[in-house]
Amino acid sequence: MPTFEPVLLRRVGKPNSASLETYRADGGYRALEKALRMTPAEVTETVKSAGLRGRGGAGFPTGLKWTFLPKDATTVYLAVNADESEPGTFNNRIIMEGDPHQIIEGIAIACHAIKCGTAYIYLRYEFGRSYRALKQAIEDCYAANLLGKNILGSGKDLDVYLHRGAGAYICGEETGLIESLEGKRAWPRIKPPFPAIEGLFRKPTIVNNIETLACVTHILDRGIEWFKSMGVPPDPANPRDAGSYGPKLYCVSGHVNKPGCYELPMGITARALIDDYAGGVWKGRKAKAVVPGGMSMGFLTEKELDTPLDFNGPGKVGCLGLGTAAVMVVDDQTNMVEVLYNSCRFYSHESCGQCTPCREGTAWMTKILERILDGRGQLRDIDLLLEVANGIGIIPGTTICGLSDGAAWPVKNAINKYRSDFEDWIKSGRKSTLVSLKMGGH
Amino acid sequence: MSFLSEDLRQKIIAELPKYPTKRAVTLPALHHVQDVLRCVPLEAIKEIAEILELHPAEVHDTMSFYGFFRDPEHKLGKNRLQVCRSLSCMLRGGEEVLAELCQKYHLQPGDTTPDGKFTLEFAECLGACEGAPCMLVNDECYLSLTTETASEVIEKLGS
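Residues numbered from 1 in each chain as written. Chains lettered and ligands numbered in written order. Predicted model: local features only at pLDDT ≥ 70, side-chain atom pairs only at ≥ 80, totals over all residues. Heavy atoms only, no water.

Looking at this structure, how should I read a negative patch on the surface?
All names here are of chain B. A cluster of acidic residues, E96, E100, E148 and E152, forms a negative patch at the surface. Broken down by secondary-structure element, the contributors of at least two residues to the negative patch are α6 (94-105) and α7 (147-155). Within the secondary structure, E148 sits in helix α7. For E148, a relative accessible area of 53% translates into the label exposed. (Patch = residues over 30% accessible without salt bridge, like charges linked within 9 Å, V, L, I, M, F, W, Y side chains within 5 Å. Areas by Shrake-Rupley, 256 points an atom, 1.4 Å probe, with all protein chains shown as cover. Salt bridge = Lys/Arg side-chain N within 4 Å of Asp/Glu carboxyl O. Lys, Arg positive; Asp, Glu negative; His and termini not counted. Charge placed at Lys NZ, Arg CZ, Asp CG, Glu CD. Helix = DSSP H or I, 4+ residues; strand = E, 2+ residues; numbered from the N terminus. Buried < 20%, exposed > 50% of the residue type's maximum accessible area, 1.4 Å probe, protein only.)

Even after reading the chapter, I still don't get the interface of chain A and chain B, so can you show me in this structure?
When the parts of a complex come together, some accessible area is lost, and that lost area is often used as the size of the interface. Each partner contributes residues to the interface: chain A has 63 residues there, and chain B has 45 residues. In total, chain A and chain B occlude about 4300 Å² of area from one another, counting both sides; carbon and sulfur atoms represent 58% of this. At the boundary of chain A with chain B, the tally comes to 7 salt bridges. Between A:R164 and B:D139 there is a salt bridge, and its shortest N-O distance comes to 2.9 Å. (Contact = heavy atoms within 4.5 Å. Buried area = accessible area lost by both parts, 1.4 Å probe.)

What should I look at first to understand the domain arrangement of chain A in this one?
All names here are of chain A. Per the domain assignment, the segments of chain A are domain 1 (20-230), domain 2 (247-331) and domain 3 (336-439). Each of domain 1 and domain 3 has a C-alpha centre, and these two points are 35 Å apart. In this assembly, 13 residues from domain 1 lie in contact with 8 residues from domain 3. Buried area between domain 1 and domain 3, both sides added, is near 890 Å², and the carbon and sulfur share of it is 70%. At the junction of domain 1 with domain 3, the criterion picks out 0 salt bridges. For the side of domain 1 that touches domain 3, the per-class residue count stands at 8 nonpolar, 2 polar and 3 charged. (Domains from an automatic or database assignment. Nonpolar A, V, L, I, M, F, W, Y, C, P; charged D, E, K, R; others polar.)

What is the right way to read the packing of aromatic side chains from this model?
Aromatic ring pairs are reported here in terms of the distance separating the ring centres and the angle at which the planes meet. Summed over all chains, the structure comprises 17 aromatic pairs over all chains. On the basis of an interplanar angle of 80° and a centroid distance of 5.2 Å, the ring pair of A:Y23 and A:Y29 is categorised as edge-to-face. Accessibility assignment for this pair places A:Y23 and A:Y29 in one class, buried. Taking 6.5 Å as the distance between ring centres and 90° as the angle between the ring planes, the aromatic pair formed by A:F299 and A:Y418 counts as edge-to-face. Linking A:F299 in the loop between β9 (287-291) and β10 (300-301) with A:Y418 in the loop between α16 (403-417) and α17 (419-428), this pair joins segments that are 119 residues apart in sequence. For the pair shown, A:F299 and A:Y418 are each scored as buried. Site record: aromatic cluster; members linked through ring pairs are A:Y77, A:Y120, A:Y161, A:F201 and B:Y19. A cation over a ring is seen here: A:R430 above A:W425, with NZ or CZ 3.9 Å from the ring centre. (Phe/Tyr/Trp six-rings, centres within 6.5 Å; stacked < 30°, edge-to-face > 60°. Lys NZ or Arg CZ within 6 Å of the ring centre and 35° of its normal.)

Teacher, can you tell me more about the environment of A:C319 here?
Residues and elements named next belong to chain A. Considering the arrangement of structural elements, one finds C319 in the loop between α12 (313-316) and β11 (326-331). With a relative accessible area of 4%, C319 lands in the buried category. Along the chain, C319 and K71 lie 248 residues apart, while their C-alpha atoms are 38 Å from each other. Not counting residues within four places of it along the chain, the set of residues in contact with C319 comprises P292, M297, G298, F299, L300, P314, W409, N413 and K417.

Would you mind going over the pattern of salt bridges with me for this structure?
Note that side chains of opposite charge can pair when their charged atoms are close. The final tally for this structure, using the stated rule, is 42 salt bridges over all chains. Between A:E360 and A:R359 there is a salt bridge, with the nearest N and O atoms lying 3.5 Å from each other. Exposure remark for A:E360: the relative accessible area of 35% places this residue in the partly exposed category. Using a relative accessible area of 33% as the deciding quantity, one classes A:R359 as partly exposed. Residue A:E423 is joined to A:R419 by a salt bridge in which the shortest nitrogen-to-oxygen separation is 3.2 Å. Of this pair, A:E423 and A:R419 both sit in helix α17, separated by 4 residues, roughly a single helical turn. Accessibility expressed as a relative area gives 29% for A:R419, which makes it partly exposed. When salt bridges with common partners are traced through the structure, they connect A:R129, A:R132, A:R164, B:D139 and B:E140 into a single cluster.

So, in structure tokens, the structure goes:
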């Protein structure tokens, strides 16, 4: 394999990397020029052939999603998901702040492919620097005729608007995002209809993630073969596997020496990522648990760290999936009861409240863990937690969206893989020193 | 005589051309109001509803869903501080930073200092885990904090 060269992070950290001037000097917007000379169907086919799968968590093939739009649609919207909120995940923020034009270029290419004249970037409010970088980038693009009327003399019009969220995790769920953009509470919609048929303002809509759109830019610029030269081909034993191609932004945080965002070919193992890039586990300790792709994906044990972080790897060892590829490392001095409490509290706080199993289930799992951490747990609480976790989510079929699958998975993994941590804590009757327990606040 | 200033009304009206429905301006309008007034009073809800041709209950329904917006009884201080409590920050001492700041400034999470200088809250994952523990000050994130460095940030805030 040739030496890997970062592409998504190539310009991040360089002087004025967010400016249009330096972006163009580095060859920026030539991919858009190329795309505008192609037909929309040719652009879609290019992205499809490259095997690009969505980077936001679900891993759905991007080009295929674009083909689901009705052929006779007159108004189509692109909703860009920049509501990055999954615990551990910050890769989109890094590229929005450091190199926003690769994203605007990807948006313009995608809009050409799906024949869309209006794109909305739904940005979580907390990302002030991203907001300012994107706002400037969009203004500069209008001034340079890269956005607006008749972009680059192509006869195509494109408007891009920034829309700021208001601190709700559920807005990262694509139909929650759509409801929120429409000015309503972000209650996810029942699917079907999927957004490609009826989405934003009841029009056919494509929802794509920031990193996904940045990949679109580089696929048009560098070609299908370049993208497919990295990553993992489809598993021959699984006819439904679309492979895991291309570069990926891996976030690493928690108990490591060098937390950060690392761009690597899809499929690096968790162990190599932690030891070779993130400087190893801090204080000379060993990893006890590693979250493979954002909190909702569950935990890898130390023995499972040779799992490749591609779309299939984490699922083979009982995790929910690759998710956002955000790795969080927990060292061997940490108790999993406290880690799981933190996870359950997050999902309980962020449940939108629409579906009863999620609203109640996440709240009760948090309360049960609070009781255990207060020294009042009973051994039967462990199976009670599992019973609740097994009953909530779209996998058992009791909720509209996947938030509670993401809440349940860490519970299932923690209890199945670290049951003795729970039994020992309950038997000891000790009280946690976690300060938040005393401060309350759900 | 309207409750919202002419400047605020114009800011809200200027959002309208971006969207095919008026209702989509609800969140932008609430942000404009809270940026200036540090809360969203009922009078503001009614006037937003009037501009957007909605029932005030519809605006209130949206506003109350997002914990971000505050009513006049819980008006924000001049600055809003949010200390992250999610996993990567917890693993690196975020909880202790929040607790020690609460103790130092005699606040509970969510409270505002008596002089109105700042409101101190907890936040769920702020998406800056490479710099855990982190704290958002208005919409600027400060990374790799200790109680000491967080206090320094607070001392430098404008009152």
